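# Observations on the model geometry
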Amino acid sequence: MDISARIGTLTLANPTILASGILGVSRASLKHVFDNGAGACVIKSISLEERVGHHAPNMITYEGGMLNAVGYSNPGVEEARAEFKDLKNVGGPVFASIIGQNADEFSAMAEALLPGDFSAVEAVLSCPHTPGYGTMAGQGTPKSTEEITKAIRAKTTLPLFIKISPDSQPIGEVAKAAEAAGADGIVAVNTMGPGMIIDIQTGQPILHFKVGGVSGTALRPIAVRCIYDIRKSVKIPIIGVGGVTTGRDAVEMIMAGATAVGIGTGIYYRGIGIFKKVCDEMEQWMKKNKVKNLGEIWGCAHE
Ligand SMILES: Cc1cc2nc3c(=O)[nH]c(=O)nc-3n(C[C@H](O)[C@H](O)[C@H](O)COP(=O)(O)O)c2cc1C
């Protein structure tokens, strides 16, 4: 059974990728994720300067998944460069995840990444809960996506992935703008919303920031539809993200047109072993259905 995945010029031993924001905060945490079977990892998003992020409580689980308003807490690009200086033997390809308040900041971020450390860059235009960034800063439109993608493209030769919002309308147009401006791939999707959960004893929203991005199971059918729509609009590869918890979910995303799948919230439910479990479940499904490699089912929902 061959579950290796090619995303443009990158080859992954398997199609599971650690999604940004969960665990990828240090070289040691990346190694831990690779040791547990991930095919690639994305670091937690970094900005030019250090950010404290939103105050706690900034995460809450519920029956549909999770609501988070972490607010991009990160040590800033200088410290991140030191932390991720040597990624050669960490276990697989590592994507840098960069954020900015405008095209100039994204451009400066791309320039600040040391050549040779990261295998690819993921630019996040889609956070729904951080003022000044993502959808709260209007970065989810085709125009803004084109402008930011161009600015980053001018500063890096690394494979460039643009992470977009499930709330983009129409999402295919946003993906097209990224492709036309030089992106090598699309990451679909970030958290949706924002949403709100109220503590009915206090009558107040539970998160300190009041609202947060929705991830996990509730997001999965939305993510699958987004991947399906994007596949119809662009030729570049898609990394599907949103509620992947089992091998079945990964197969579904590949059928919609993704070449690999990110996993975030699923780690809270199945532990760090989720990467290996998802791969084993995919292989079992492939064996049962006489599928020898992922290319055989890729995008089959469109036929
Ligand atoms: C606690 C938490 C923190 C996150 N932080 C980031 C982040 O820093 N950058 C980013 O691009 N996405 C971030 N995300 C979004 C995830 O990368 C992913 O796109 C989203 O959660 C959907 O996937 P999932 O359902 O597998 O979690 C975060 C998600 C969670 C739950």
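This text gives an overview of the structure that appears in the document.

Quick notes on the rules
Residues numbered from 1 in each chain as written. Predicted model: local features only at pLDDT ≥ 70, side-chain atom pairs only at ≥ 80, totals over all residues. Heavy atoms only, no water. 1 Å grid on protein atoms, 1.4 Å probe; cavity = no way out; pocket = protein on both sides within 12 Å on 5 of 7 lines; lining within 4 Å. Points joined across faces, edges and corners; volume = space filled by probe spheres on them. Helix = DSSP H or I, 4+ residues; strand = E, 2+ residues; numbered from the N terminus. Nonpolar A, V, L, I, M, F, W, Y, C, P; charged D, E, K, R; others polar. Salt bridge = Lys/Arg side-chain N within 4 Å of Asp/Glu carboxyl O. Buried < 20%, exposed > 50% of the residue type's maximum accessible area, 1.4 Å probe, protein only. Phe/Tyr/Trp six-rings, centres within 6.5 Å; stacked < 30°, edge-to-face > 60°.

Further remarks concern the layout of surface pockets. Looking at the largest pocket, its volume works out to about 550 Å³. Around the largest pocket sit 36 residues that line it, and Ser 20, Gly 21, Ile 22, Asn 68 and Thr 191 are the ones nearest its centre. Listing elements by their share of the lining of the largest pocket, those giving two or more residues are strand E6 (65–68), strand E16 (260–263) and helix H8 (266–270). Broken down by class, the residue content of the lining of the largest pocket amounts to 16 nonpolar, 18 polar and two charged. Lining the second largest pocket are Asp 2, Ser 4, Ala 5, Arg 6, Ile 254, Ala 258, Thr 259, Asn 293, Leu 294, Gly 295 and Trp 298.

So, about empty space enclosed by the protein. All chains considered together, the criterion is met by one cavity of 30 Å³ or more. Quantified by volume, the largest cavity comes out at close to 50 Å³. As for the largest cavity, its lining consists of Ile 17, Ala 19, Ser 20, Val 42, Glu 122, Lys 163, Val 187, Ile 239, Val 241 and Gly 262. Its residues assigned to classes, the lining of the largest cavity shows six nonpolar, two polar and two charged.

In total, this model carries twelve salt bridges according to the counting rule given. In this structure, Arg 270 engages Glu 281 in a salt bridge whose closest nitrogen and oxygen atoms are separated by 2.6 Å. Taken together, the residues Arg 270 in helix H8 and Glu 281 in helix H9 (residues 274–288) connect sequence positions eleven residues apart. With relative accessibility at 23%, the residue Arg 270 sits in the partly exposed group. On the basis of relative accessible area, Glu 281 is assigned to the partly exposed category, the value being 23%.

Turning our eyes to something else, we now look at the packing of aromatic side chains. Under the defined criterion, the tally for this structure stands at three aromatic pairs. For the ring pair Tyr 72 and Tyr 133, a centre distance of 5.6 Å and an interplane angle of 75 degrees mean the geometry is edge-to-face. Within this pair, whereas Tyr 72 is found in the loop between E6 and helix H2 (77–83), its partner Tyr 133 is found in the loop between strand E8 (120–124) and helix H4 (142–153), the two being separated by 61 residues in sequence. Relative to Phe 118, the ring of Phe 84 lies with its centre 6.0 Å away and its plane at 55 degrees, an arrangement referred to as tilted.

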